[in-house]
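Structural characterization, general
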Amino acid sequence: MERGRGVGETHVLVIPFPVQGHINPMLQFSKRLASKGLKVTLITTTPTNKSKQPQSSSINMEHIPVGLQGEEESLDDYLERFKLIVSPSLVELIGRYNGSEYPARVLVYDSVMSWAQDIVERLSVDGAPFFTQSCAVSTIYYHVNQGALKIPLEGPTVSIPSMPILGVNDLPSFINDTSSYPALWSLIKTQFSNLEKVNWVFFNTFSELEDEVVKWLASERPIKTIGPTIPSMYLDRRLDDDKDYGLSLFKQNAEACITWLDTKDTGSVIYVSFGSLASLGEEQMEELAWGLKRSNSQFLWVVRELEKKKLPSNFVEETSEKGLVVSWCPQLEVLAHKAVGCFMTHCGWNSTLEALSLGVPMVAMPQWTDQTTNAKFVEDVWGVGVRVKVGENGIVKREEIKECIREVMEGERGNVMQRNAQRWKELAKEAVNEGGSSDNNIEEFVARLVCS
Ligand code: UDX
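Residues numbered from 1 in each chain as written. Predicted model: local features only at pLDDT ≥ 70, side-chain atom pairs only at ≥ 80, totals over all residues. Heavy atoms only, no water.

1. Quick notes on the overall build of the protein chain
Applied cut-off: Per the convention used, a helix needs a DSSP run of H or I reaching at least four residues, while a strand needs a run of E reaching at least two, with both numbered from the N terminus. In this setup the radius of gyration rests on C-alpha atoms only. A globule is expected at 2.2 Å times the number of residues raised to 0.38. Partly exposed residues are those whose accessible area sits between 20% and 50% of the maximum for their type, while under 20% is buried and over 50% is exposed, using a 1.4 Å probe and protein chains only. In what follows, a contact means two residues having at least one pair of non-hydrogen atoms within 4.5 Å. Accessible areas in this description were obtained via Shrake-Rupley with a 1.4 Å probe; residue shielding takes into account the shown protein chains only. Note that His is not counted, nor are the chain ends; the positive residues are Lys and Arg, and the negative ones are Asp and Glu. A charged residue contributes its charge at one atom only: NZ of Lys, CZ of Arg, CG of Asp or CD of Glu.
Counting its regular elements, the protein chain contains 17 helices and 15 strands. Taking 2.2 N^0.38 as the reference for a compact globule, 452 residues should give roughly 22 Å; the C-alpha atoms of the protein chain span a radius of gyration of 22 Å, in line with that estimate. For the protein chain, the spread of C-alpha atoms along the principal axes amounts to about 65 × 50 × 45 Å. The 452 residues of the protein chain split such that 58% are buried. Sequence-distant contacts, at least 24 apart, represent 68% of the contacts inside the protein chain between residues at least 6 apart. Taken as a whole, the protein chain presents about 18700 Å² of accessible surface, with 48% of it coming from carbon and sulfur. Charged side chains of the protein chain number 45 positive and 59 negative; the gap between the two group centres comes to 2 Å.

2. Some words on the domain arrangement of the protein chain
Here is the rule we go by: Source of the domain bounds: an automatic or database domain assignment. Put simply, buried area is the surface a 1.4 Å probe can reach on two separate parts but cannot reach once they are joined, added for both. Contacts described as polar in this section are N or O atom pairs within 3.5 Å, which, within protein, must combine one atom able to donate a hydrogen with one able to accept it, while residues neighboring in sequence count only if both atoms come from side chains. Throughout, the ten residues Ala, Val, Leu, Ile, Met, Phe, Trp, Tyr, Cys and Pro are labelled nonpolar, Asp, Glu, Lys and Arg are labelled charged, and all others, Gly among them, are labelled polar.
Considered domain by domain, the protein chain is made up of domain 1 (7-247 + 433-451) and domain 2 (255-427). The C-alpha centroid of domain 2 is placed 27 Å from the C-alpha centroid of domain 1. Taken together, the 37 residues of domain 1 in the interface contact 27 residues of domain 2. Both sides together, the interface formed by domain 1 and domain 2 hides about 2600 Å², and carbon and sulfur atoms give 66% of it. The tally of links from domain 1 across to domain 2 stands at 10 residue pairs in polar contact (both at pLDDT 80 or more). Of all the elements in the fold, those that place two or more residues in the side of domain 1 that touches domain 2 are helix 1 (20-35), helix 4 (135-145), helix 5 (173-176) and helix 8 (233-236). Of the residues forming the side of domain 1 that touches domain 2, the biggest block, four residues, is contributed by helix 4. Taken together, the residues of the side of domain 1 that touches domain 2 sort by class into 23 nonpolar, nine polar and five charged.

3. What about the pattern of salt bridges?
Note the cut-off: One side-chain nitrogen of Lys or Arg within 4 Å of one carboxyl oxygen of Asp or Glu is enough to make a salt bridge.
The tally for this structure, following the rule as stated, stands at 24 salt bridges. A salt bridge links D118 to K197, with the nearest nitrogen and oxygen atoms 3.7 Å apart. Here D118 is found in helix 3 (residues 116-122), whereas its partner K197 is found in the loop between helix 6 (182-190) and strand 8 (201-203), with 79 residues between them in sequence. Judged by relative accessible area, K197 falls into the partly exposed class, the value being 39%. Salt-bridge contacts for E333 lead to K243; the nearest nitrogen and oxygen are separated by 3.7 Å. On the criterion of sequence distance, the pair formed by E333 in helix 12 (residues 331-336) and K243 in the loop between helix 8 and helix 9 (254-262) is long-range, its members being 90 residues apart. Taken together, the shared-partner salt bridges in this structure form one network comprising D170, K376, D380 and R387.

4. Details of the site of the ligand
Note the cut-off: One heavy atom within 4 Å of a molecule or strand is enough for the residue carrying it to be called near that molecule or strand.
Close to the ligand lie 23 residues; S276, C329, S351, E354 and D370 are nearest. A distance of 2.4 Å separates an oxygen atom of the ligand from a polar side-chain atom of S276. One nitrogen or oxygen atom from the side chain of S351 is found 2.5 Å from an oxygen atom belonging to the ligand. Starting from 670 Å² of accessible surface for the ligand in isolation, the protein chains cover 96%. Contributing elements (two or more residues each) for the shell around the ligand: helix 1, strand 10 (269-273) and helix 13 (349-357). Tallied by class, the residues present in the shell around the ligand amount to seven nonpolar, 14 polar and two charged. Taken domain by domain, the shell around the ligand gets at least three of its residues from each of domain 1 (7-247 + 433-451) and domain 2 (255-427).

5. Regarding the pairing of strand 11 (residues 298-302)
The condition is simple: Orienting the strands away from the viewer, one traces the path from the first strand over the helix to the second; a clockwise path indicates a right-handed crossover. Strand pairing is assigned whenever DSSP identifies at least 2 bridges connecting the two strands.
With five of its five residues buried, strand 11 lies for the most part within the structure. Here strand 11 shows a buried face lined by Q298, L300 and V302 and a second buried face lined by F299 and W301. One crossover worth recording links strand 10 to the parallel strand 11 by way of helix 10 (residues 282-295), and it is right-handed. By the bridge criterion, four bridges tie strand 11 to strand 12 (residues 323-326) in an arrangement that is parallel. Pairing of W301 across the sheet is with V325, part of strand 12.

6. Focus on unusual backbone geometry
Cis geometry marks the peptide bond from I151 to P152, where omega comes out at 0°. Within the secondary structure, P152 is located in the loop between helix 4 and strand 6 (157-158). Cis geometry marks the peptide bond from G227 to P228; its omega dihedral reads 0°. If you check the backbone angles, S124 has positive phi at about 55° while not being a glycine. Using a relative accessible area of 48% as the deciding quantity, one classes S124 as partly exposed. With phi around 70°, N296 is a residue other than glycine that occupies positive phi space. Relative to the helices and strands, N296 resides in the loop between helix 10 and strand 11.

7. Brief notes about the packing of aromatic side chains
Note the threshold: Pairs were defined over the aromatic rings of Phe, Tyr and Trp, the Trp ring being its six-membered one, requiring ring centres within 6.5 Å. Orientation was assigned from the angle between planes: stacked under 30 degrees, edge-to-face over 60, tilted for the rest. Two conditions define a charge sitting above a ring: the NZ of Lys or the CZ of Arg must be within 6 Å of the ring centre, and it must be within 35 degrees of the ring normal.
Going through the model one piece at a time under the given rule, you end up with 23 aromatic pairs. Their ring planes at 80° and their centres at 5.0 Å tell us that F202 and F445 sit as a pair that is edge-to-face. Here the residue F202 occupies a position in strand 8, and F445 occupies one in helix 17 (residues 437-451), the gap between them amounting to 243 residues. Take F202 and F445: they sit in the same class, and that class is buried. By the ring-pair criterion, three or more aromatic residues cluster together here, those being F29, F130, W200, F202 and F445. In this structure, K39 packs its charged tip against the face of Y102, placed 4.6 Å from the ring centre.

Set out below in structure tokens:
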């Protein structure tokens, strides 16, 4: 293919897997690459309409119509359908661009789509996987993939280079249970299958946050930390950026949330959300609801539309003076709001990074997948939260929820967490601003594309 093109003619394609926690960071990364002058095309696979398009017009959009997983469709079937539709469409799309004045130079693909590497290779385009989970979590999986961490585990703790000693409950949930979600487990393992063929492996993290583990993995693979991928207006107050990521898969009433928060005192509200996928059992939902009420704090709670039926009857009415329950909210704006003093979170990687980058301490209530490991780091490594203790039958009781909230909102330990959170916010800002570690990595990537 043709080399040595100018920066504006160097074309990068980006394709996320269609779940919110993968779309957000890859969309934001696309915008960041575009801000460096590259031509960037984001490929969506879920239905979008005009109002859901990113407000910024800096990136080009392409659509491959796959849609979301159907209600009756198994994940295995969906993944197969996804690959069957996306593979030939990618070949067609790249072929089309290669016959134009903007040939594709690199395809940045979601790390769970490692098969995309085989496609781009045949078309003489570079491939670069993008990992949407933390470097620590991905490194644990890498050790499994390399046979250095044996499953089933042989003891109650594991020792992994560059990480603290981890107990079984600190490991990603799949390590303790590889059979309940065979399709997901297989996706996770195949993330590493093509890494020896690529020049860049992108991670949505920043090196100061995961210093040792980033260094360790970088000694094995060409990893580049480029995060946190949140709109820069939250980190350096540049106003030429979007307030939101854009491309939301959920409907929200942003104004209602912000107007409600505007009436509250600084640091007085606990924001509660379990992300886009986790589903709490009915008993857990009830304990959480009454725990929030008992904490006596004001709360903004995101309960997705399909989960609402699990709320205790009358809860919304009974707590309407203290709380607001919504089905989705503009999370970045909420976390950046001065009224929010604590984030009760499932510790999805985006939520964790967003809270760290916006200086909000957390109550960590992990559910599954990478969230358990993120919760361990939130509490013990970064010192920005407390992790709830899980009681009998795997349920976190209302009293425990109340105590954890109090500890973060009112306790002396809460003040320390608050200070630590502010320090991480500063470091996140430095990483993405000009000359910071993540910014340098992006600059280096762009320079290498333009020079080669
Ligand atoms: C999960 C994982 O736990 C994550 O680590 C993994 O890589 C993808 O699957 P999810 O459960 O959706 O993702 O959580 P999270 O990673 O926190 O992503 C949720 C995203 O949705 C965040 O960017 C958050 O800002 C946004 N969000 C959430 C909203 O905009 N509004 C809401 O009301 C809730």
